[in-house]
Amino acid sequence: MIIGGSSSQKLAANVAREMGDVLCPLESRKFPDGERYIRIKGDISDGVVVVQSTGYPQDENLMELFLILKTISNMGITNIRTVIPYFGYGRQEKRFNPGEAVSAEVVCDLIQYAGASEIYSINLHEESICNLFNVPANNLSAMPTIANYVWDNIDDPVIVAPDKGALGFAQEIANILNCESDYLEKIRISPEKVETKPKNLDVDGRDAVIIDDIISTGGTIVNACGILREHGARKILVGCVHPVLVEDALLKIFAAGADDVVGTDTLKSEVSSVSVASLVADALKKGS
């Protein structure tokens, strides 16, 4: 049985369809003072999958997840596989300065306490978050799913990482598509001048696909679009797993020269047109 939280009900429905499983009705609403009310309205047996992203508003979505998990646990269910497509509070997985809260560790502890028996997430900000759980934790990659979209929409692409940190994502997709990949590198021309350009490839007259795991403010992507346009890219597709897209990020990206922007449905957004339902369903089938 599949239960979808408020942030991931459509994705949960698609996962249920992919698995040929039942989607359990969930009532979720707020009291006038803002507190959350949860009621699981179906008859459930052992072997439940909960799907809930914990993006904005992170605190509300996390609290709803805790309530769902604890309610199921209190029903005597012990096998509660928990799918968190986008893992909120994942940026602080260790203490960088004295006195900092390690938020990812706190969230992991609370998810386990609430009753999760196994975790599935997608392109975690840091792979090491899996090690913060005392239950099995799986970090799935949505890059093959995005690669399928690129295959269907772009001929002979070059896959470009906006910086060296995202090169692994670009290489993963390029390997699937059997095409070239590169990343944008900063080169110091003089003490006062720095130039950013593709490190190895000439993108002049080619279709470029910029790939990253998360697009938040869009600053890195805006910079990448401008550089690729300067170097003659014919068409620019921007792809990401998690389209956070705060404020006017999407507007800035299009203004910088992107022809299209696509993300997955780990988060709800106007560009969440690539579904990870098959990816999640396949992982759950393998783990069952």
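To be clear, the structure that these remarks concern was listed above.
Everything numeric here is computed off the predicted structure, so don't read it as measured data.

**Thoughts on helix α6 (residues 219-230)**
Here α6 contains 12 residues, and its C-alpha end-to-end distance of 17 Å stays within 8% of the 16 Å for a straight helix at 1.5 Å per residue. Of the positions making up α6, those classed as buried are I221, A224, C225, I227 and L228. The buried residues of α6 occupy an angular sector of 165° when the element is viewed end-on, so they sit on one face. One or two residues past the end of α6 sits G232, with phi positive at roughly 90°.

**Quick notes on the side chain of E118**
Along the polypeptide, E118 turns up in strand β7 (residues 118-122). For the buried residue E118, which engages in no salt bridge, the nearest side chain bearing the opposite charge is R81, 5.1 Å off. Looking at E118, its side chain comes within polar contact range of the side chain of Y120, at 3.2 Å. Of the polar contacts made by the side chain of E118, one reaches the side chain of N138; its length is 3.1 Å. Once you skip the residues sitting within four places of it in the chain, E118 turns out to touch I80, R81, T82, V135, P136 and N138.

**Some thoughts on the sheet that holds strand β1 (residues 2-4)**
Taken together, the 6 strands give an open sheet; going across it, the order is β2-β1-β5-β6-β7-β8, and neighbouring strands pair in parallel fashion. Of all strands in the sheet, those bounded by a partner on one side alone are β2 (23-24) and β8 (137-140). Note that β7 and β8 share 4 bridges and pair parallel. Paired with I122 across the bridge in β8 is L140. Of the strands in this sheet, β1, β5 (48-51) and β6 (80-84) are in contact with helix α2 (residues 58-74), which crosses β6 at around 170°. Sheet strands in contact with helix α8 (residues 277-287) are β5, β6, β7 and β8, and its direction is about 155° off that of β7.

Rules of the game
Residues numbered from 1 in each chain as written. Predicted model: local features only at pLDDT ≥ 70, side-chain atom pairs only at ≥ 80, totals over all residues. Heavy atoms only, no water. Helix = DSSP H or I, 4+ residues; strand = E, 2+ residues; numbered from the N terminus. Expected span 1.5 Å × (residues − 1). Buried < 20%, exposed > 50% of the residue type's maximum accessible area, 1.4 Å probe, protein only. Arc of directions from axis to C-beta. Lys, Arg positive; Asp, Glu negative; His and termini not counted. Salt bridge = Lys/Arg side-chain N within 4 Å of Asp/Glu carboxyl O. Polar contact = N/O pair within 3.5 Å; in protein donor to acceptor, adjacent residues only side chain to side chain. Contact = heavy atoms within 4.5 Å. Pairing = 2+ DSSP bridges. Axes fitted to C-alpha atoms, helices over the stretch in contact; angles between N-to-C directions.

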